Amino acid sequence: AKGARQLNIEERNDRLRKFRFMLLQDPSNFDCSKIPAGTGTISLKKELADPVINAIAKDGLSPKSVAELEADKDVGKIPIGQLAEILIALTGTDIIAPAQSDSDISASMEQCNKLNAELLRRAEFEPQSNVLASPVLAAGLSCSRLQQLFLGAYKDGKKSQAEWVDHCWKKLQAQGHRILRDGKPIESDKENLRILTEEAKAFKKGRLPVLEAHKII
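Since this is a predicted model, take the numbers as computed values, not measurements. (Residues numbered from 1 in each chain as written. Predicted model: local features only at pLDDT ≥ 70, side-chain atom pairs only at ≥ 80, totals over all residues. Heavy atoms only, no water.)

Novice: How should helix H6 (residues 145-155) be read in this particular structure?
Specialist: Side chains three or four residues apart in an α-helix point the same way, a direct result of the helix having 3.6 residues per turn. With 10 of its 11 residues buried, H6 lies for the most part within the structure. Turning to H6, the residues buried within the fold contact helix H5 (102-123), strand E6 (131-134), strand E7 (139-142), helix H7 (161-174) and helix H8 (189-213). Remark: glycine 157 follows H6 within two positions and exhibits a positive phi of approximately 100°. (Buried < 20%, exposed > 50% of the residue type's maximum accessible area, 1.4 Å probe, protein only. Helix = DSSP H or I, 4+ residues; strand = E, 2+ residues; numbered from the N terminus. Contact = heavy atoms within 4.5 Å.)

Written out as structure tokens, the structure is:
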């Protein structure tokens, strides 16, 4: 009886080396000792996880193939079987995700741009979606409503954090919305603005580079 031919180790490794991976979040937020997983957390050895995360984060967070990771001086010390296990663990906990080929990314750009434009337009009026479309992943990338409002302001030419905060606060005020703390609205305008300023700072430092790398900007 004929069956599927099993790949030998060399063939499997050759195919594995062609897979590409992309970070889903700011690498500075990554703590390998406390990775969210289901209702709890898991931990990875820092000496194994950190070099992989750092290598994927290089060159503006651009996608990296397993072969490129192996070429990194620190990741190259990790056997490919163990590297595959680390990549699987990081993928399963939403730290990284498989990335498309460059040609597939290009083919996805127009549709993703149209969808994101509509999602950002809707975010101006009400919270509807907490994701935007990443042509790099051909999937959704987490993006809160506040982040979408900041991004909308950025794409409209407002480049300073103060302008993002002003844009966001005016939208929230016009709709009678407030920042929530422990599920309750914060009444103080000053406190709302303080939190929005902190959020805008974090957005510029951490989330904006990720959105750029995913070609959402």
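Let's pick the thread back up.
Novice: Quick question: what am I supposed to make of the packing of H5 against H6 here?
Specialist: For any two helices packed against each other, the geometry comes down to the angle between their axes and how far apart the axes lie. At a closest axis distance of 9 Å, the pairing of H5 and H6 adopts a crossing angle of 110°. In terms of orientation, H5 and H6 fall into the roughly perpendicular class. Classified by chirality, the crossing of H6 by H5 is left-handed. Contact with H5, carried on its side by Leu119, Leu120 and Ala123, involves Arg145, Gln148, Leu149, Leu151 and Lys155 of H6 and no other residues of that element. A per-class count over the contact of H5 with H6 returns five nonpolar, one polar and two charged. (Axes fitted to C-alpha atoms, helices over the stretch in contact; angles between N-to-C directions. Parallel < 35°, antiparallel > 145°, perpendicular 65-115°, else oblique. Left-handed = near helix turned anticlockwise from the far one by under 90°. Nonpolar A, V, L, I, M, F, W, Y, C, P; charged D, E, K, R; others polar.)

Novice: So what exactly am I meant to see when it comes to the sheet that holds strand E1 (residues 20-23) here?
Specialist: Hydrogen bonds between backbone groups are what pair the strands of a sheet, and the pairing can be parallel or antiparallel. Reading across from one edge, E4-E1-E5 is the order of the three strands in this open sheet, with antiparallel pairing throughout. Sheet topology places strand E4 (64-65) and strand E5 (96-99) at the edges, where each strand pairs with a single neighbour. Bridge analysis of E1 against E5 gives four bridges, and the strand direction is antiparallel. Its bridge partner being in E5, arginine 20 is matched across the sheet by alanine 99. (Pairing = 2+ DSSP bridges.)

Novice: Please clarify how unusual backbone geometry should be interpreted in this entry.
Specialist: Peptide bonds are, in most cases, trans, and in most cases residues other than glycine have a negative phi. A positive phi angle, near 55°, is found at aspartate 59, a position not held by glycine. Along the chain, aspartate 59 falls in helix H2 (residues 46-61). One non-glycine residue, alanine 138, lies in positive phi territory at about 60°. The residue alanine 138 is located in the loop between E6 and E7 in this model.

Novice: Sorry, what's going on with the nonpolar core here?
Specialist: A general tendency of soluble globular proteins is for nonpolar side chains to be buried together. Of all hydrophobic cores here, the largest spans 56 residues; its most connected members are Val52, Leu87 and Leu196. Not counting the four nearest positions on each side in its chain, leucine 196 is found in contact with Leu146, Phe150, Val165, Cys168, Trp169, Leu172 and Ile179. (Core = buried A, V, L, I, M, F, W, Y, C linked by side-chain atoms within 4.5 Å.)

Novice: Explain the packing of aromatic side chains to me, please; I cannot follow it from the model alone.
Specialist: Each pair of aromatic rings is reported with the distance of its centres and the angle of its planes. Counted under the stated rule, the structure contains four aromatic pairs. Between phenylalanine 150 and phenylalanine 203, the ring centres sit 5.7 Å apart and the planes meet at 50°, which makes this aromatic pair tilted. Of this pair, phenylalanine 150 sits in helix H6 while phenylalanine 203 sits in helix H8, and the two are 53 residues apart along the sequence. For the pair shown, phenylalanine 150 and phenylalanine 203 are each scored as buried. Their ring planes at 85° and their centres at 5.6 Å tell us that tryptophan 164 and phenylalanine 203 sit as a pair that is edge-to-face. Highlighted residues: tryptophan 164 in helix H7 and phenylalanine 203 in helix H8, separated in sequence by 39 residues. You'll find tryptophan 164 and phenylalanine 203 in the same group, each marked buried. Chaining the aromatic ring pairs together yields one cluster made of Phe150, Tyr154, Trp164 and Phe203. Between the NZ or CZ atom of lysine 159 and the centre of the ring of tyrosine 154, over which it lies, the distance is 4.0 Å. Here lysine 171 stacks its cationic end above the ring of phenylalanine 125, 5.7 Å away from the centre of that ring. (Phe/Tyr/Trp six-rings, centres within 6.5 Å; stacked < 30°, edge-to-face > 60°. Lys NZ or Arg CZ within 6 Å of the ring centre and 35° of its normal.)

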